[in-house]
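# Descriptive analysis of the structure
Here are the chains, one letter per residue:
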Amino acid sequence: MSNDSSLAVAPSARTVSDYFDCLQVVMVNTTLPANIGSAARAMHTMGLSRLTVVDPKLPIDETSVSHAAGGNDLLSSALIAPTLESAISDCQLVFAASSRSRHLPRPVVTPTQAAKIMFDFIDTQSALGANDSSRDIAISSKPNIAILFGREDRGLTNEELAYADYHIQIDANPAYPVLNVASAVQVIASFIFAYAQTHTQTADNLDTDLSAPVQPTLDVHLRQQWDEPAITQQQLQQLTQRTTDLMVNRGLANSEHLKSLPSRLSRLGSRLQLDQKEYQLLSALIAKLSKD
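Okay, so let's go over this structure. (Residues numbered from 1 in each chain as written. Predicted model: local features only at pLDDT ≥ 70, side-chain atom pairs only at ≥ 80, totals over all residues. Heavy atoms only, no water.)

### Digging into the overall build of the protein
Test applied: Here a helix means four or more residues in a row that DSSP labels H or I, a strand means two or more in a row labelled E, and each is numbered from the N terminus. The cut-offs for exposure are 20% and 50% of the maximum accessible area for each residue type, with area from a 1.4 Å probe on protein chains only; residues under the lower value are buried, those over the upper are exposed, and the others partly exposed. Any pair of residues with heavy atoms lying within 4.5 Å of one another is described as a contacting pair. Throughout, the Shrake-Rupley method with a 1.4 Å probe supplies accessible areas, and for residues the shown protein chains are the sole cover considered.
When its secondary structure is counted, the protein shows 11 helices and seven strands. Buried residues in the protein amount to 48% of all 292 residues. Taking as baseline every contact in the protein between residues at least 6 positions apart, the subset at least 24 positions apart corresponds to 85%. Only carbon and sulfur atoms are counted for the fraction: they give 52% of the accessible area of the protein, which is about 14,200 Å².

So this is what it looks like as structure tokens:
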């Protein structure tokens, strides 16, 4: 990876709003419209403005508005997506709020660690976009990061959690570490807001203690150098599917007994944190092997 210092952009060159514009809260399959409103209020209080609701059981209504208070504008501009895949297809980094470890878990981080990862990612990715306008790949210079929140009664499914690069866990009573979805949005957003104040004030005060009280299920790997933009979630899923198909065609996997193979391949891609050139190389390799 290149160590070109031209890619480094001082955090002070961007405002808190610039960072927040890269973040979207994604609520999955909500039951109560009131909770959407409460989440919108929590977001507005902490400066976040991008809300996506995936396949809500009931649409945004008057109870949403009554619970949103000053966050009504978020409800008006909220995106309604039919599936989680469509909601995060253009995201380059995905976090999921989860109160417990699941099958094939991703690295677990605290809200503060998550905020640091987000802001460092925005710094490097934004710098790439600003330094190369001749790129032959149509990639927005503004990174897109999603934070997933699940259903009121059962959170996110294993399949939905598998889309995330990192799982965020909030310190809570171990006997009942479950928060209302709007409360979870409020807590995580507040940590992001607090970290933003420090991050944008000075580049010399970014050191966050990564010895988190939550023991990661997997080691947390932070990619330190990028010379190309990161791939999107849609590209990661495409690469996972192509690799799975190749393994089936080559007799390395049984199409009727894949079990956790796609999830393992997806997790591997998340841990590698692939960039666009690496994606092209692997895609070309898979295409060649598929023809031979």
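### Quick word on the pairing of strand E2 (residues 51-54)
Note the cut-off: Strand pairing is defined by DSSP finding a minimum of two bridges between the two strands. With strands facing away from the observer, any crossover in which the path from the first strand over the helix to the second runs clockwise is taken as right-handed.
With burial as the criterion, each face of E2 is covered, one bearing Leu51 and Val53 and the other bearing Thr52 and Val54. As paired elements, strand E1 (residues 23-28) and E2 share four bridges and run parallel to each other. Bridged to Val25 within E2 is Leu51. Considered for its hand, the β-α-β crossover made up of E1, helix H2 (residues 33-45) and E2 is right-handed.

### Quick notes on the pattern of salt bridges
Inclusion rule: In what follows, salt bridge is the name for a side-chain nitrogen of Lys or Arg lying within 4 Å of a carboxyl oxygen of Asp or Glu.
Throughout the structure, instances matching the rule amount to three salt bridges. Note that Asp120 and Lys116 form a salt bridge whose closest N and O atoms lie 3.0 Å from each other. Of the two residues, Asp120 and Lys116 are both situated in helix H6 (residues 111-131); the distance of four residues between them amounts to about one turn of the helix. A salt bridge links Glu160 to Arg151, with the shortest nitrogen-to-oxygen separation between them at 2.7 Å. Of the residues examined, Arg151 reaches a relative accessible area of 9% and is grouped as buried.

### Here we look at the side chain of Asp165
Quick note on the threshold: When charges are tallied, Lys and Arg are placed among the positive residues and Asp and Glu among the negative ones, while His and the ends of the chain are skipped. Any N or O atom pair separated by 3.5 Å or less is treated as a polar contact, with the protein-specific requirement of one donor-capable and one acceptor-capable atom, and with residues adjacent in sequence counted only for side-chain atom pairs.
Here Asp165 shows up in the loop between helix H7 (158-161) and strand E7 (166-168). Notably, Asp165 is buried but unbridged: the nearest opposite-charge side chain belongs to Arg106, and the N-O separation is 6.1 Å. Within the structure, Asp165 has its side chain in polar contact with the side chain of Ser270 (distance 2.8 Å). When neighbours within four sequence positions are excluded, Asp165 is seen to be in contact with Gln92, Leu93, Val94, Arg106, Pro107 and Ser270.

### Quick word on unusual backbone geometry
Its identity is not glycine, yet Ala69 carries a phi of approximately 50°, on the positive side. Inspection of the secondary structure assignment puts Ala69 in the loop between helix H3 (62-68) and helix H4 (72-77). On the basis of relative accessible area, Ala69 is assigned to the partly exposed category, the value being 37%. Phi angles above zero are rare outside glycine, and Gln273 is one such case at about 55°. Take Gln273: it is sitting in the loop between helix H10 (261-272) and helix H11 (276-291).

### Focus: the sheet that holds E7
What holds strands together in a sheet is hydrogen bonding between their backbones, with the strands either parallel or antiparallel. Where we set the bar: The axes used here are C-alpha line fits, helices contributing only the stretch in contact, and every angle between their N-to-C directions lies in the interval 0 to 180 degrees.
Taking strand neighbours across the sheet as the criterion, the seven strands line up as E3-E2-E1-E6-E4-E7-E5 in an open arrangement whose pairing is parallel. Looking along the sheet, the strands with just one partner apiece sit at the ends: strand E3 (79-81) and strand E5 (108-109). Here strand E4 (residues 93-97) pairs with strand E6 (residues 145-149) via four bridges, running parallel. In the sheet register, Ala96 faces E6, and the bridge partner there is Leu148. Those strands touched by helix H8 (residues 181-201) are E1, E4, E6 and E7, and its axis lies near 145° from that of E6.

### Some points on the environment of Ile88
Looking at the element boundaries, Ile88 is found in helix H5 (residues 84-88). Residues Ile88 and Asn144 lie 56 residues apart in sequence; the distance between their C-alpha atoms is 8.8 Å. Non-local contacts of Ile88, meaning those with residues more than four positions away in its chain, are made with Val94, Ala146, Leu148, Tyr163 and Gln233.

### Some words on the nonpolar core
Note the threshold: In these notes, a set of buried Ala, Val, Leu, Ile, Met, Phe, Trp, Tyr and Cys residues joined through side-chain atoms within 4.5 Å is what counts as a nonpolar core.
Grouped together as the largest cluster of nonpolar side chains are 48 residues, with contacts concentrated most on Leu51, Phe95, Met118, Phe149 and Ile192. No other element matches the nine residues that H8 contributes to this core. In this structure, Phe95 is in contact with Ala114, Ile117, Met118, Ile145, Ala146, Ile147, Leu148, Ala164, Tyr166 and Ile168, ignoring residues within four places of it in sequence.

### Digging into the pairing of E4
Across the five residues that make up E4, a large majority, five, are buried. Neither face of E4 is exposed, since Leu93, Phe95 and Ala97 on one face and Val94 and Ala96 on the opposite face are all buried. Note: E4 against E7, three bridges, orientation parallel. Bridge pairing in E7 links Ala97 to Ile168.

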